[in-house]
Amino acid sequence: MDELHRQILTRNRVRLVTSLQVADLWDPLLEKGVFTGDMIEEIRSAGTRRDQARQLLIDLETRGSQAFALFIHCLKETGQHELAQHLLGKNELPEIEPAPFVPNPDYIPQYPNDIPSKKEKIWDIEQDYPMKFEPCGFCLIVNNMEFDEGTELSYRKGSDIDRQKLENRFRSFHFEVLVKNNLKGSEIYQELQDLAAKDHSKRDCCLVVILSHGCETRHRKFPGGVFGTDGIRIPVEKIVSYFDGTSCPSLRGKPKLFFIQACGGDQKDRGFEVDSGSPPSPNAEQSLQSDATAIRPEAGDMDETDAVASLPTFSDILVSYSTFPGFVSWRDKVMGTWYVETLDEILGSHAGTLDLQNLLLRVANKVSSKGTYKQIPGYFNFLRKRFFFRT
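Worth saying up front: this structure is predicted, and the values here are computed from it rather than measured.

Colleague: Could you give me a rundown of the overall build of the chain, with the residues and numbers involved?
Modeller: Across its full length, the chain holds 12 helices and 12 strands. Taken over 391 residues, the chain has a buried fraction of 49%. Across the chain, contacts joining residues at least 24 apart in sequence account for 79% of those joining residues at least 6 apart. Counting every atom, the chain has about 18,700 Å² of accessible surface; 49% of that belongs to carbon and sulfur.

The structure is reproduced here in structure tokens:
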């Protein structure tokens with residue numbers, strides 16, 4: 001929905017909640033495709049007429065660019081002309097354009113320009129996580145660039161570029177962003193605990209970004225780990241555990257997203273030959289650095305095989321890794337990391353029409369085609385529904 005129409009509804013919320021005859025609106029709202037039958041049933045279950053009116057207005061803002069105009073038409077059709085005219089003021093009724101683009105959950109995009117980026121999606125409460133709060137959630141970005149001398153971990157030049165890109169991007173997606181630079185291991189743990197302890201009841205989701213050196217770690221659920229600036233290892237599964245349904249009740253049933261830009265090990269992948277019309281430049285690798293460390297896992301600290309039968313259910317969680325476990329993640333000292341540069345580009349172009357999993361498929365496809373050494377991002381997905389960013 002356009003910001004102007006959103007503001008009109010907000011300014012007139014009290015009058016609408018007081019006067020809106022919601023029972024008359026169900027059929028026309030359903031016929032015009034503003035809401036599905038299941039969505040209307042959920043709104044009707046909100047309680048009193050006023051409660052239903054409040055929920056209708058909240059959900060209406062998520063229903064695409066035509067929702068306001070269709071709502072005005074429904075008001076007029078049901079004889080609520082005074083309310084319709086009050087909302088319009090001196091403005092003309094917006095024209096109703098063809099139905100907006102609806103993402104196909106079974107469609108896997110192949111080309112960078114095959115989805116119209118300016119069209120809006122329609123929310124489906126059965127398939128999609130609701131995104132109705134403002135801000136939609138908290139976003140913590142930990143950016144570690146400078147490490148203590150004794151750690152033998154190099155300065156991560158270019159990571160400040162990554163941090164700025166993601167901070168700007170997630171602010172534009174209606175997140176409340178908190179940035180922390182150069183944290184020791186204990187400080188990372190404290191920031192995670194503080195974030196998990198916040199009240200998320202008026203938030204739709206939560207997002208954590210870690211930009212640091214990484215390593216292999218012993219794990220049972222999520223592989224890999226990141227380093228604090230003092231060389232302390234933080235296992236990814238420990239990061240995630242602060243936000244599961246037991247540890248963070250106010251995020252139960254809501255998506256928890258983790259983006260890890262760090263090496264999963266120190267193996268370098270040269271890939272295999274494929275036909276290509278644009279061979280890499282011989283100088284392209286000169287500005288590259290790896291986020292791998294020279295430190296090998298300690299004896300007895302190697303990855304274990306996942307014991308699937310004994311794992312608890314971690315629902316509504318997605319962990320996106322910049323590289324395959326065990327392999328390095330490449331960072332350009334001028335442009336930032338391959339992963340974040342590509343992630344930001346894909347989010348900027350397609351977040352309005354593609355759900356998160358399809359966005360990450362595009363990121364993996366583009367990153368995997370870069371450079372002489374190869375890198376392929378991946379993710380562990382335990383989301384129950386599709387997740388769309390609010391753009």
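Colleague: How would you explain the sheet that holds strand β6 (residues 233-235) if you had to name every residue and give the values?
Modeller: If you walk across this open sheet you meet the three strands as β4-β5-β6, and the pairing is antiparallel. Edge positions in the open sheet fall to β4 (214-215) and β6, since each of these has one partner strand only. Packing of helix α9 (residues 185-197) onto the sheet brings it into contact with β5 (225-227) and β6, and relative to β6 it is tilted by some 30°.

Colleague: Lay out helix α8 (residues 159-172) with the relevant residues and their values.
Modeller: Look at α8: 20 Å from first C-alpha to last across 14 residues, which is about the 20 Å you get at 1.5 Å a residue. For α8, the set of buried residues is S159, D162, R163, L166, E167 and F170. Buried positions in α8, seen along its axis, are confined to an arc of 125° and lie on one side of it. Just downstream of α8 lies H174, where phi reads positive at about 75°.

Colleague: Any chance you could break down the packing of aromatic side chains for me, citing the residues and the numbers?
Modeller: Per the stated rule, a full pass over the model turns up 12 aromatic pairs. Taking 6.0 Å as the distance between ring centres and 40° as the angle between the ring planes, the aromatic pair formed by F170 and F259 counts as tilted. On the criterion of sequence distance, the pair formed by F170 in helix α8 and F259 in strand β7 (residues 256-261) is long-range, its members being 89 residues apart. By the burial criterion, F170 is buried, and F259 matches it. With a centroid separation of 6.0 Å and an interplanar angle of 40°, the aromatic rings of F170 and F389 are classed as tilted. Here F389 lies in the segment after β12 (378-381) and F170 lies in helix α8, a separation of 219 residues in the sequence.

Colleague: Could you give me a rundown of the sheet that holds strand β9 (residues 317-321), with the residues and numbers involved?
Modeller: If you trace the six strands from one edge of the open sheet to the other, you get β2-β1-β3-β7-β9-β12, paired in mixed fashion. Edge positions in the sheet fall to β2 (175-181) and β12, since each of these pairs with one other strand and no more. Within this sheet the neighbouring strands show an average axis-to-axis angle of 10°, counted without direction. As paired elements, β7 and β9 share five bridges and run parallel to each other. Bridge assignment links L257 to a residue of β9, and that residue is L318.

Colleague: Can you tell me about the environment of T353, naming the residues and giving the values?
Modeller: Tracing the backbone through its elements, the reader meets T353 in the loop between α11 (338-350) and α12 (356-367). For the pair T353 and F389, spaced 36 residues apart in sequence, the C-alpha separation works out to 9.1 Å.

Colleague: I'd like a rundown of unusual backbone geometry, residues and numbers included.
Modeller: A cis geometry characterises the amide bond from E134 onward to P135, with omega recorded as 0°. Relative to the helices and strands, P135 resides in the loop between α7 (81-88) and β1 (137-143). Of note in the backbone geometry, E152 takes a positive phi value of approximately 60° without being a glycine. Tracing the chain through its elements places E152 in the loop between β1 and α8. We classify E152 as exposed; its relative accessible area is 64%. Positive phi, normally seen in glycine, also occurs at H174, with a value near 75°.

Procedures and definitions
Residues numbered from 1 in each chain as written. Predicted model: local features only at pLDDT ≥ 70, side-chain atom pairs only at ≥ 80, totals over all residues. Heavy atoms only, no water. Helix = DSSP H or I, 4+ residues; strand = E, 2+ residues; numbered from the N terminus. Buried < 20%, exposed > 50% of the residue type's maximum accessible area, 1.4 Å probe, protein only. Contact = heavy atoms within 4.5 Å. Areas by Shrake-Rupley, 256 points an atom, 1.4 Å probe, with all protein chains shown as cover. Pairing = 2+ DSSP bridges. Axes fitted to C-alpha atoms, helices over the stretch in contact; angles between N-to-C directions. Expected span 1.5 Å × (residues − 1). Arc of directions from axis to C-beta. Phe/Tyr/Trp six-rings, centres within 6.5 Å; stacked < 30°, edge-to-face > 60°.

All we've got here are geometric facts, nothing functional implied.
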